[in-house]
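Residue strings, one per chain:
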Amino acid sequence: MDKGIAQYQRGASFTSTLISLIVAGIFFTVGFKLFSVYWDHATINSIVQTTSEDPDELSKSLRELRRDLDKKFYINQVELPEKDSLKVRLEEGVLYFDLVYEVRVPMFYNVDALVMFEEHYEAIKP
């Protein structure tokens, strides 16, 4: 019995391969565009966290503390999207660091991704 060649052929068709490549391309594109936003946030978050845990930094005035944070952002080549994204306040001997901001990333044509970050730290002023 001759079952024919077509019955023994297996594998992905051209259409399914093309669709898989398009879907993978979309995921890689989104990942590459969002990577820098999350990387910058990790750097900013690390700077604020280490500052909130450093007794030498915490003993400074709010103006000096803010100036030092700005210097650290500059050295690490990151900047906050808005001037008031990081609020540092002193209430009853406790320093509060509120890092709240959002970043809009253009994706495709008229489609944007909005990424929101919200971190809160507190430290007792020495």
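Residues numbered from 1 in each chain as written. Predicted model: local features only at pLDDT ≥ 70, side-chain atom pairs only at ≥ 80, totals over all residues. Heavy atoms only, no water.

Novice: Any chance you could explain the pattern of salt bridges here in plain terms?
Specialist: Where charged atoms from two side chains of opposite charge approach closely, those side chains can pair. Using the criterion set out here, one finds 6 salt bridges in the structure. As a salt-bridge pair, Lys60 and Asp68 come within 2.4 Å of each other at their nearest N and O atoms. Using a relative accessible area of 25% as the deciding quantity, one classes Lys60 as partly exposed. Taking relative accessible area as the criterion, Asp68 reaches 10% and is therefore assigned buried. Each member of the salt-bridge network shares a partner with another, and the members are Glu57, Lys60, Asp68 and Lys72. (Salt bridge = Lys/Arg side-chain N within 4 Å of Asp/Glu carboxyl O. Buried < 20%, exposed > 50% of the residue type's maximum accessible area, 1.4 Å probe, protein only.)

Novice: Would you mind showing me how to read the pairing of strand S2 (residues 94-108) here?
Specialist: Both faces of the sheet carry side chains from a regular strand, because those side chains alternate between them. As paired strands, strand S1 (residues 86-91) and S2 are joined by 6 bridges and run antiparallel to one another. Looking at S2, one finds that Glu91 is bridged to Val94. Following S1, the chain reverses through 2 residues before pairing antiparallel with S2; Glu92 in that reversal takes a positive phi of roughly 55 degrees. The hairpin turn running from S2 into strand S3 (residues 111-124), its antiparallel successor, is 2 residues long, and Tyr109 in that turn takes a positive phi close to 45 degrees. (Pairing = 2+ DSSP bridges. Helix = DSSP H or I, 4+ residues; strand = E, 2+ residues; numbered from the N terminus.)

Novice: Is there a simple way to explain the pairing of S3 in this structure?
Specialist: Note that S2 and S3 share 14 bridges and pair antiparallel. Following the sheet pairing, Leu99 is matched in S3 by Glu119.

Novice: It is not clear to me how the UniProt feature "transmembrane region" (unreviewed entry) in the protein should be interpreted in this structure. Could you clarify?
Specialist: According to UniProt, the feature "transmembrane region" (unreviewed entry) maps to residues 12-39 in the numbering used here. Overall, residues 12-39 shows 93% helix and 0% strand. The separation of its end C-alpha atoms is 37 Å. (UniProt positions renumbered as here; feature names shortened; annotations may be inferred.)

Novice: Even after reading the chapter, I still don't get the sheet that holds S3, so can you show me in this structure?
Specialist: Strand order in the open sheet formed by 3 strands is S1-S2-S3, with antiparallel pairing between adjacent strands. Looking at which strands have only one partner, the edges of the open sheet turn out to be S1 and S3. Pairwise comparison of adjacent strand axes, ignoring direction, gives a mean angle of 10 degrees for this sheet. Relative to S2, helix H1 (residues 14-53) is tilted by about 165 degrees, and along the sheet it contacts S1, S2 and S3. Along the sheet, helix H3 (residues 62-75) contacts S1 and S2; its crossing angle with S1, the most-contacted strand, is approximately 155 degrees. (Axes fitted to C-alpha atoms, helices over the stretch in contact; angles between N-to-C directions. Contact = heavy atoms within 4.5 Å.)

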